[in-house]
Amino acid sequence: MRYIPLDNQPDFCKQVWNQARQIPVAKVATYGQIAKILGPPQGIKLEEYKEFGARWVGDAMATCPKNVPWQRVINSQGKVSKRVEAQKQQQLLEEEGVVFVADKLDLKLYQWSGNAEEEEPNQASLF
């Protein structure tokens, strides 16, 4: 797997985190969705970004600051990716009102449109 050049990583990570902060309570976005919204970092070819962008978003989310609602970014199957904090991620989403059937949520119901205006004015982030 190819990684983002080091000179682009900090800016890309900040863009990912800022995008994640816009996801409303009880909504989710996929790694690939965030990658698509942001587009490729400067100097990265589109084909390469299409292949690795979602993973780069995942890498950025793995190092996000505490004020980023990391639990709201999931995989394209509507599942929490298997890792150390997977159970905590599902728990946090359930506390927000997201319902899982077995280990999966309904993306048609819970996926964020990508529109920052979607959040209701009285619905504050938990972070």
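Computed from a predicted structure; not experimentally measured. (Residues numbered from 1 in each chain as written. Predicted model: local features only at pLDDT ≥ 70, side-chain atom pairs only at ≥ 80, totals over all residues. Heavy atoms only, no water.)

Q: Any chance you could explain helix α3 (residues 46-62) here in plain terms?
A: Note that an α-helix has 3.6 residues per turn; residues three or four places apart therefore point the same way. For α3, which comprises 17 residues, the first-to-last C-alpha distance of 23 Å matches the rise-based estimate of 24 Å (1.5 Å per residue) to within 8%. Along its length, α3 reaches its greatest deviation from straightness, about 55 degrees, at phenylalanine 52. Where α3 is buried, its residues touch α1 (9-21), α2 (31-38) and β2 (73-74). (Helix = DSSP H or I, 4+ residues; strand = E, 2+ residues; numbered from the N terminus. Expected span 1.5 Å × (residues − 1). Bend = angle between axes of the 7 residues up to and from the residue. Contact = heavy atoms within 4.5 Å.)

Q: How do you make sense of the environment of glycine 32 when you look at a structure like this?
A: By secondary structure assignment, the location of glycine 32 is in helix α2. Assessed through its relative accessible area of 35%, glycine 32 is described here as partly exposed. Spatially, the C-alpha atoms of glycine 32 and valine 73 are 9.6 Å apart, while their sequence positions differ by 41 residues. (Buried < 20%, exposed > 50% of the residue type's maximum accessible area, 1.4 Å probe, protein only.)

Q: For this particular structure, what's the right way to read the packing of α1 against α2?
A: The packing of two helices is summarised by the inter-axis angle and the distance between the axes. For the pair α1 and α2, the least separation of the axes is 10 Å and the interaxial angle reads 115 degrees. What the angle tells us is that α1 and α2 run roughly perpendicular. Here α1 runs over α2; the crossing is right-handed. Contact with α1, carried on its side by Phe12, Gln15, Val16 and Gln19, involves Ile34, Ile37 and Leu38 of α2 and no other residues of that element. Looking at side-chain class alone, the contact of α1 with α2 contains five nonpolar, two polar and no charged residues. (Axes fitted to C-alpha atoms, helices over the stretch in contact; angles between N-to-C directions. Parallel < 35°, antiparallel > 145°, perpendicular 65-115°, else oblique. Left-handed = near helix turned anticlockwise from the far one by under 90°. Nonpolar A, V, L, I, M, F, W, Y, C, P; charged D, E, K, R; others polar.)

Q: Would you mind showing me how to read the nonpolar core here?
A: As a rule of thumb, nonpolar side chains are buried together in soluble globular proteins. By size, the foremost hydrophobic cluster in this structure holds 23 residues, and its most contacted members are Val16, Trp17, Ile23, Ile34, Val57, Met61 and Val73. Elements with a contribution of two residues or more to this core: α1, α2 and α3. Ranked by the residues each element gives to this core, the list is headed by α3, at six residues. Residues within four places of isoleucine 23 in sequence aside, it is in contact with Val28, Ala29, Ile34, Arg72, Val73 and Trp112. (Core = buried A, V, L, I, M, F, W, Y, C linked by side-chain atoms within 4.5 Å.)

Q: Mind showing me how you'd approach α1 here?
A: Between the first and last C-alpha of α1 there are 18 Å, a value that for 13 residues agrees with the 18 Å anticipated at 1.5 Å per step. Buried residues of α1: Phe12, Cys13, Val16, Trp17, Gln19 and Ala20, and no others. Along the axis of α1, the buried residues cluster in a sector spanning 160 degrees; they form a single face. On its buried side, α1 packs onto α2, α3 and β2. (Arc of directions from axis to C-beta.)

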